[in-house]
Structure formats: structure tokens, C-alpha cells
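Results of the structural survey
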Amino acid sequence: MNQMIADQFSQQSITSMVIIALLCTAIPFLFLGYYKSRTKTKTKISSFFIGMAFYIAFAFFGEQLFHILILGGLSLSGFLTPTNHPVYYAVYGAVVAGIFQETGKYIGLKKCMNSRQGRENAFLFGFGHGSFETIAYGSSLTMGNIVIAFLVNSFGIDGYFEKLGITGEDAVAQTEAIQQLIAIPPSDHIAAGIERLLALVFQASLAIFIYLAIQHKELKHLFPIAIVLHIIGYLPANLTNVGILNNTMISLCLTGTVVVFTAAYAYRMYHQLEKS
């Protein structure tokens, strides 16, 4: 009986994943439509998609190329791993992400948004940047897990591997991965989804920091501050992923604190621009 439970995804777990996948897909586009309707002539929808494109260029390709050069080229792949040095690995990941993503925002806002000036378009750029991350990690990955859950519940783990033609050591490794996924409580799925939505707010807020740094010489220090905040904001999730921070709710609260602080400051400065 216990083995059967260990080899099946609970209905609550599947439901929580479905809810998160839907929210992480729908919220970015629903808010985009709402925001565009409130600022009819001042914003261009293309700013949103340019932000998405810069996330792909710098977070997907830029970061991954850097990881290949550093971990592979300098032969650090055996040293800097979640198993050998989890804290270093988590910090390294947060630092690289902060530098690449905020630099990507800076280049995008400074060089590719000349025909889309103004704080509204800068916000949409950052919102698009964060939306792609939310959809990619909060929706697409979750949808993949949902498919696995339905297949495992329908055919069992052995039947699932048989359908895919997975055998030997690969089957052993993937069995462990699936059982770890089964063991995740629904509350952790919800917390992970909330963390993805917080990241959306965070990325949009940091784009305002970058915009201010570009537009006002006296505020150019906000660019490095944005990088530091990005690193601090993503570090709790990275530490959770490598098993150092085992309490998901503590991780979420730490991330939320940084996001709220950053968003509150960005919101205040955003509306001060309106008055100036």
C-alpha cells in the first residue's frame, strides 16, 4: 500500500500544479491588456516583446554560454556543483544571473528602445522580461511535470519508462527524480508558483531602476544597485534548490521581503517621474 502511494501523484498535487501553470501563463497577458488599456497612447505593446527577447538573449543564451566557458573551459564543472559546494554554486548562479539579466535590461533600454521612450514603455520592457521567465519556469516546466504526473498515474512508473523506452541506469536515475517529484507537497508547488509571480514583479521593478539610471546621471548608481538586489532576491530560491534552505516558506518570505522593498521604491520613483 505504501509503495502504491509512493508511486502515484496525489490529486491535490496535480491540481496545485495545474493552477500554478494556468496563473503563470494568464496573469502576464491579462495584466498586459489591462495596463495597455490604462495608458492607451503612451505605450507600445512591442516594448513587452522586446523585453521578452532580451531575457532570451541574456538569460538563456548569454548565461548558458558563460556557464559553459567557466565551468567547462576552466574545468570547474567537477568542483562547482550542488553536491560538492552547494553554497558556492547557489551564490555563483545568483551572481551570474544578476549581472547578465540587469546588463541585458540596461542594453535593451538604452540601445533598443529609442523609438519607445518613457517610463511606461520601460515598465512594459521589464514586465516582458519577467513574463518570459514566469512563463518558462512557472508554466512550461510545471506543464511538463503535469504530463509526467498523468502518465505515471495512468501507467505506473515502470509502464511510463516502458512507453518511453527508458531502461538501465537511466531508468534508475529517473525513478528517483520522479519519486522526489511525487514527494513534493502541494503547498510547495503553490509556494514555487508564488515565487515565480514575485519574480515577475521583481523584474519589472528592477527595469525602473535601470531606466532611472539611464535617464538621470545623478541616479546612475541604481544600475549596480539593481544587480545587487537581483542577486539578493534570487539567492533564497537558489539555496532552496541546492538543499541548503529546506523550508520553502522561509525562502518565499525572504524573497518576498526583497521584492516588496524593491517594488515599493520603484513604484514611488515611477510616480515621481510623472510629476516631474
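Remember, predicted model here, so these are calculated numbers, not experimental data.

**Describing the environment of Gly33**
Secondary-structure assignment places Gly33 in helix H2 (residues 11–38). Placed 22 residues apart in sequence, Gly33 and Gln11 show a C-alpha to C-alpha distance of 33 Å.

**Brief notes about the packing of aromatic side chains**
Counting across every chain of the model gives 21 aromatic pairs. Between Tyr35 and Phe123 the ring centres are 4.9 Å apart and the planes differ by 45°, which places this aromatic pair in the tilted class. Placement of the pair is Tyr35 in helix H2 and Phe123 in helix H5 (residues 119–164), with a sequence separation of 88 residues. Taking the relative accessible area as the measure of exposure, Tyr35 reaches 10% and is therefore buried. Taken together, the ring pairs in this structure connect Phe29, Phe31, Tyr34, Tyr35, Phe48, Phe49, Phe123, Phe127 and Tyr270 into an aromatic cluster.

**Thoughts on the packing of helix H4 (residues 86–111) against helix H8 (residues 222–241)**
Each pair of packed helices gets described by two things: the angle between the helix axes and the distance between those axes. Across the interface, H4 lies against H8 with an axial gap of 8 Å and an inter-helix angle of 140°. Comparing their axes, H8 and H4 come out oblique. Judged by the twist between their axes, the crossing of H4 over H8 is right-handed. Between H4, through Ala90, Val91, Gly93, Ala94, Val95, Ala97, Gly98, Ile99, Gln101, Glu102, Thr103 and Tyr106, and H8, the contact on the second element is made entirely by Phe223, Ala226, Ile227, His230, Ile231, Leu235, Asn238 and Leu239. Taken together, the residues that form the contact of H4 with H8 break down as 13 nonpolar, six polar and one charged.

**What to know about the pattern of salt bridges**
A complete count under the given rule lists four salt bridges for this structure. Here Arg196 makes a salt bridge to Glu133, at a shortest N to O gap of 3.1 Å. Here Glu133 lies in helix H5 and Arg196 lies in helix H7 (residues 186–215), a separation of 63 residues in the sequence. The exposure classification of Arg196 matches that of Glu133, with both residues buried. A salt bridge links Glu195 to Arg196, with the nearest nitrogen and oxygen atoms 2.8 Å apart. By relative accessible area, Glu195 is classed as buried at 11%.

Calculation notes
- Residues numbered from 1 in each chain as written.
- Predicted model: local features only at pLDDT ≥ 70, side-chain atom pairs only at ≥ 80, totals over all residues.
- Heavy atoms only, no water.
- Helix = DSSP H or I, 4+ residues; strand = E, 2+ residues; numbered from the N terminus.
- Phe/Tyr/Trp six-rings, centres within 6.5 Å; stacked < 30°, edge-to-face > 60°.
- Buried < 20%, exposed > 50% of the residue type's maximum accessible area, 1.4 Å probe, protein only.
- Axes fitted to C-alpha atoms, helices over the stretch in contact; angles between N-to-C directions.
- Parallel < 35°, antiparallel > 145°, perpendicular 65-115°, else oblique.
- Left-handed = near helix turned anticlockwise from the far one by under 90°.
- Contact = heavy atoms within 4.5 Å.
- Nonpolar A, V, L, I, M, F, W, Y, C, P; charged D, E, K, R; others polar.
- Salt bridge = Lys/Arg side-chain N within 4 Å of Asp/Glu carboxyl O.

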